[in-house]
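Observations on the three-dimensional arrangement
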Amino acid sequence: MAPRAVKGKSKPHQETGRVLKRKRGEDSLATLIKQVEDLDLKTPVKNFSDLPLSEPTAKGLAASHFKTLTDIQSRAINHAFKGRDILGAAKTGSGKTLAFLVPILENLYRKKWTELDGLGALVLSPTRELAIQIFEVLRKIGRYHNFSAGLIIGGKSLREEQDRLGRMNILVCTPGRMLQHLDQTAMFETNNLQMLVLDEADRIMDMGFQKTVDAILDHLPKQRQTMLFSATQTKKVGDLARLSLQEPEYVSVHESAASATPSTLQQHYTVTPLPQKLDTLWSFIRSNLKSKTVVFLSSGKQVRYVYESLRQLQPGISLLHLHGRQKQGGRLDITTKFSQAQHAVLFATDVVARGLDFPAVDWVIQMDCPEDADTYIHRVGRTARYERVGRAVLFLDPSEEKGFLKQLEHRKVPIENINIKSNKQQSIKNQLQNMCFKDPELKYLGQKAFISYVKSIYVQKDKETFKIKELPLEEYAASLGLPGAPRIKFIKGDDAKERKNESWRMAQMSDDDSDAKTKDKKDEKEVRTRYDRMFERRNQGVLAEHYSKLINDDGTMVATDAPKDAVEIDDEADEDADFLSVKRRFAAGDAELGGKSDSSDSEDSDAEPKIKDTKGVKMVHLDGQDPLLIDSKRREKLLKSKKKLLKFKGKGTKLVYDDDGNAHEVYEMEDEDMFKARGDANTQREKFLEGETERTRQADIEDKEVMREKRREKKEKRKARERAEAEAEAAMSEEEDGLSHLPHVPFEIPGSDSDSGSEREPRPSKKQRVSFAEPDSDDDKPKSKSQASAKPIETLGDLEALASGLLG
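In this report, we go over the structure that sits alongside the text. (Residues numbered from 1 in each chain as written. Predicted model: local features only at pLDDT ≥ 70, side-chain atom pairs only at ≥ 80, totals over all residues. Heavy atoms only, no water.)

Overview of the overall build of the protein
- Broken down by element type, the protein carries 32 helices and 19 strands.
- Here the contacts in the protein between residues at least 6 apart in sequence split such that 71% fall between residues at least 24 apart.
- A total of about 53,600 Å² of accessible surface is found on the protein, and carbon and sulfur atoms cover 50% of it. (Helix = DSSP H or I, 4+ residues; strand = E, 2+ residues; numbered from the N terminus. Contact = heavy atoms within 4.5 Å. Areas by Shrake-Rupley, 256 points an atom, 1.4 Å probe, with all protein chains shown as cover.)

Below, the structure written as structure tokens:
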């Protein structure tokens, strides 16, 4: 048994040990801060041991086998230690993750960050898989720190994340789920945030995430350290201003390199027509069964169809597929399986293209052309990571070759042409057709894959590379095993628009057999349409006024001095000669605003609108508008409809009335002097925002109180309803109990056997019933009065039986 400790001696020793330990920690922290301040940014650092690191970080890096710094790490970490904003650009697989995770741990450690200080660092990732990978690296190198870190991505329980979110010091998240927590989680505060990191920043700053990122930035404090990392970094001034970067340090270690991709990566392309791409992919997989391959396609529906169809053909290697429409649990399982597999093929969309580190990938096959050179660089970055050897092949349609190779040349991407051996080429077209014929679900997947591919080409902005009209879509549908190309609405719409804009006359003239058909159908009665009459008009717009001047009201010709030759020339004018055609022509001065009106106008002067006739041309004077010339029957019909005349009268002014009955416009400009008298514009804006925030908070409180009252009323109504139902059930049970005491009165037949079993109680008689007993009977025991009177005398048979018994 251990000896008992003496009171009063162990406690001072413990306190002294704690004081000394705390003092040693403070001294080491002060020394660390001094080393960071004296850090020379120009001196290159090769090993992590040369950096001023805290003991927990150094132990975590050593335990994770990180010893040597890469180029991006040696240049970015020093600036990050100084608290500067960073724009980091480096090739894929160059170790950008540690370039921001190490500064996060060190900066929070030097500031003595605890759980009570709240969120200190936020890391945004464009995809869930990349966020999971960053979090795993953070767990490895930060295992000896006391910080709490969390992973916030979609596909998990929002309630569980809300319960733990307020205690986190470091968060790795995707933009969508992060914004959801900022808007909905009440206890989540970001006012004390120190560092913001955007991994794959060019993808996050794209249009797809722009609104989400802007909303997240509105919740974050302006005074913070911001770092952006990507293989293809953004330099737009507008993007940097949105992120509130203050004199950022641009760290690009490979900007002057000969190529934008790793030197150990062998890049090739092959010109493969669209209908042969699936056959080429199958032949490649069959020829490389001992390799680890990632195959990129443009849409998730293509990924699923190619995976399902090739899986049924059984190529002899493990097949996996990954796209954004899968559930989160399945995506994690597939990522883990492919990372652990030695030989496998992963069909994936661009959700895998950025940042993911799959070990030992041998080939990257791009079956569909990427949208731009940046996407190509990120795709091929899944192989040849950390100076390993890798190979990439790009399938290009003949229509895509010229435009896309020009983009790659502009981005310093070295790529060579490669030919496919024809003796190893295998065709699976007939097998796919057979499978689609037998399996309607596979045929449906093929139709969706075809439509999604055509749509992905149709929406591309680079029309020089992606030419949808030059693609053999019918042959491509047949190569997928489909009996025919599915209908595509957006392409059909373009063709219909072109056909609609074609001249009907030119379409008729382009028919070679039009003359022969006309001769054969001379005897038949032709159906004339308004288009026929429209195209047979000859200079009606030019000669309308001239023709009206030549004809009197009674139809006789007016004598004119004009030569007949001029009229004949006008009549024989060619349709194509109207280079500058005029719709209506009036003589100079005929339609002047100050022209005199006829007597007919004076009679209708009170009518609205006012109609005046100036030298044969009617004009309608509208308030505040130019006069409307009535020069056709169509415009004469306008006078009969006030509704159709509104478009010529202009837009009205909408007025609102205040409490005093004074009319005001809906939007009135405030007096500038009065506005300036109230103070500075920024001060007024902040005051307005504070007032609106307070009003919103009060409205929120009122809404919560109303909802609480509604819940209370609903609960009371439910209890009252349950109480009423319980009372009704009790009443029914009491009625049933009362009915059970009543005598059962069935229908009886006198003298039958059922009389004895179902006797009714005798009605009480006023006279006392007398019973007779036989003293000298065979039974020794005389019958009692109750026994004698047990069977009452109700019928004549009972009376006879009683008499015969008395008579012996």
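Quick word on the sheet that holds strand β14 (residues 416-417)
- The seven strands lie next to each other as β10-β11-β9-β12-β13-β8-β14, forming an open sheet whose pairing is parallel. The open sheet has two free edges, formed respectively by β10 (318-322) and β14, since each of these has just one partner strand.
- Direction of pairing for β10 relative to strand β11 (residues 344-348): parallel, over a ladder of five bridges. Residue leucine 319 lies in a different strand from β11, and its bridge partner there is valine 345.
- Packing of helix α13 (residues 328-340) onto the sheet brings it into contact with β9 (292-296), β10 and β11, and relative to β10 it is tilted by some 140 degrees. (Pairing = 2+ DSSP bridges. Axes fitted to C-alpha atoms, helices over the stretch in contact; angles between N-to-C directions.)

A closer look at a positive patch on the surface
- Taken together, the side chains of Lys633, Arg634, Lys637, Lys640, Lys644 and Lys647 make up a positively charged region of the molecular surface.
- Contributions of two or more residues to the positive patch are made by α26 (633-638) and α27 (642-649).
- It is α26 that contributes the most residues to the positive patch, three residues altogether.
- Structurally, the position occupied by lysine 644 is in helix α27. (Patch = residues over 30% accessible without salt bridge, like charges linked within 9 Å, V, L, I, M, F, W, Y side chains within 5 Å. Salt bridge = Lys/Arg side-chain N within 4 Å of Asp/Glu carboxyl O. Lys, Arg positive; Asp, Glu negative; His and termini not counted. Charge placed at Lys NZ, Arg CZ, Asp CG, Glu CD.)

Looking at the sheet that holds strand β2 (residues 121-124)
- Sheet architecture is open: seven strands sit in the order β3-β4-β2-β5-β6-β1-β7, paired in parallel fashion. Edge positions in the sheet fall to β3 (149-152) and β7 (249-252), since each has one partner strand and no second. Within this sheet the neighbouring strands show an average axis-to-axis angle of 15 degrees, counted without direction.
- Relative to strand β4 (residues 170-173), β3 runs parallel, the two being bridged by four bridges. Opposite isoleucine 152, over in β4, you have cysteine 173 as the bridge partner.

Description of the pattern of salt bridges
- Within the structure shown, the criterion is met by 18 salt bridges.
- Among the salt bridges present, the one from arginine 177 reaches glutamate 161, with a minimum N-O distance of 2.8 Å. Of this pair, arginine 177 sits in helix α7 (residues 175-184) while glutamate 161 is found in helix α6 (residues 158-165), placing the two residues 16 residues apart along the sequence. In this pair, the class of arginine 177 matches that of glutamate 161, namely buried. (Buried < 20%, exposed > 50% of the residue type's maximum accessible area, 1.4 Å probe, protein only.)

As for the packing of aromatic side chains
- Applying the stated criterion to the full structure yields six aromatic pairs.
- When the ring of phenylalanine 100 is compared with that of phenylalanine 229, the centres are 5.6 Å apart and the planes differ by 40 degrees; the resulting orientation is tilted. Of this pair, phenylalanine 100 sits in helix α4 (residues 96-110) while phenylalanine 229 sits in strand β6 (residues 225-230); the two residues are 129 residues apart in sequence, bridging distant segments of the chain.
- When its relative accessible area of 0% is taken as the criterion, phenylalanine 229 is described as buried.
- With 5.1 Å between their ring centres and 50 degrees between their planes, tyrosine 453 and tyrosine 476 make a pair best called tilted. (Phe/Tyr/Trp six-rings, centres within 6.5 Å; stacked < 30°, edge-to-face > 60°.)

Some words on α4
- Along its 15 residues, α4 runs 22 Å from first to last C-alpha, staying within 8% of the 21 Å computed at 1.5 Å per residue.
- Positive phi appears at lysine 112, one or two residues downstream of α4, with a value of about 55 degrees. (Expected span 1.5 Å × (residues − 1).)

Focus: helix α14 (residues 373-380)
- Judged by how many residues are buried, α14 sits mostly within the fold: seven of eight residues are covered.
- Every buried residue belonging to α14 is among Ala373, Thr375, Tyr376, Ile377, His378, Arg379 and Val380, and all of these are buried.

Observations concerning the nonpolar core
- By size, the foremost hydrophobic cluster in this structure holds 118 residues, and its most contacted members are Leu281, Leu310 and Phe347.
- Counting residues per element, this core draws most heavily on α4, which supplies eight residues.
- Taken together, domain 1 (21-252) and domain 2 (265-455) each give at least three residues to this core, which thus spans both.
- Residue contacts for leucine 310: discarding those within four places in its chain leaves Leu281, Trp282, Ile285, Pro315, Leu319, Phe347 and Ile428.
- In terms of nonpolar packing, the next biggest core, distinct from the first, is built from 27 residues, Leu122, Phe188, Leu198 and Leu243 among them. (Core = buried A, V, L, I, M, F, W, Y, C linked by side-chain atoms within 4.5 Å. Domains from an automatic or database assignment.)

Some thoughts on a nonpolar patch on the surface
- Nonpolar side chains collect at one region of the surface, where Ile793, Leu796, Leu799, Leu802 and Leu806 lie side by side and expose about 460 Å² of accessible area between them.
- One can find leucine 802 in helix α32 (residues 796-807).
- Take leucine 802: its relative accessible area is 33%, and that puts it in the partly exposed class.

Some remarks on the pairing of strand β12 (residues 363-366)
- Side chains Trp363 and Ile365 of β12 all project onto a buried face; the interleaved residues Val364 and Gln366 project onto the opposite face, where all are buried too.
- Pairing between β9 and β12: four bridges, direction parallel. Within β12, the position partnered with valine 295 by the bridge is isoleucine 365.
- Two elements, β12 and strand β13 (residues 390-396), share four bridges in a ladder whose sense is parallel. Bridge assignment links valine 364 to a residue of β13, and that residue is alanine 392.
- Of the crossover connections in this fold, the one passing from β12 over α14 to the parallel β13 is right-handed. (Right-handed = clockwise from strand over helix to strand, strands pointing away.)

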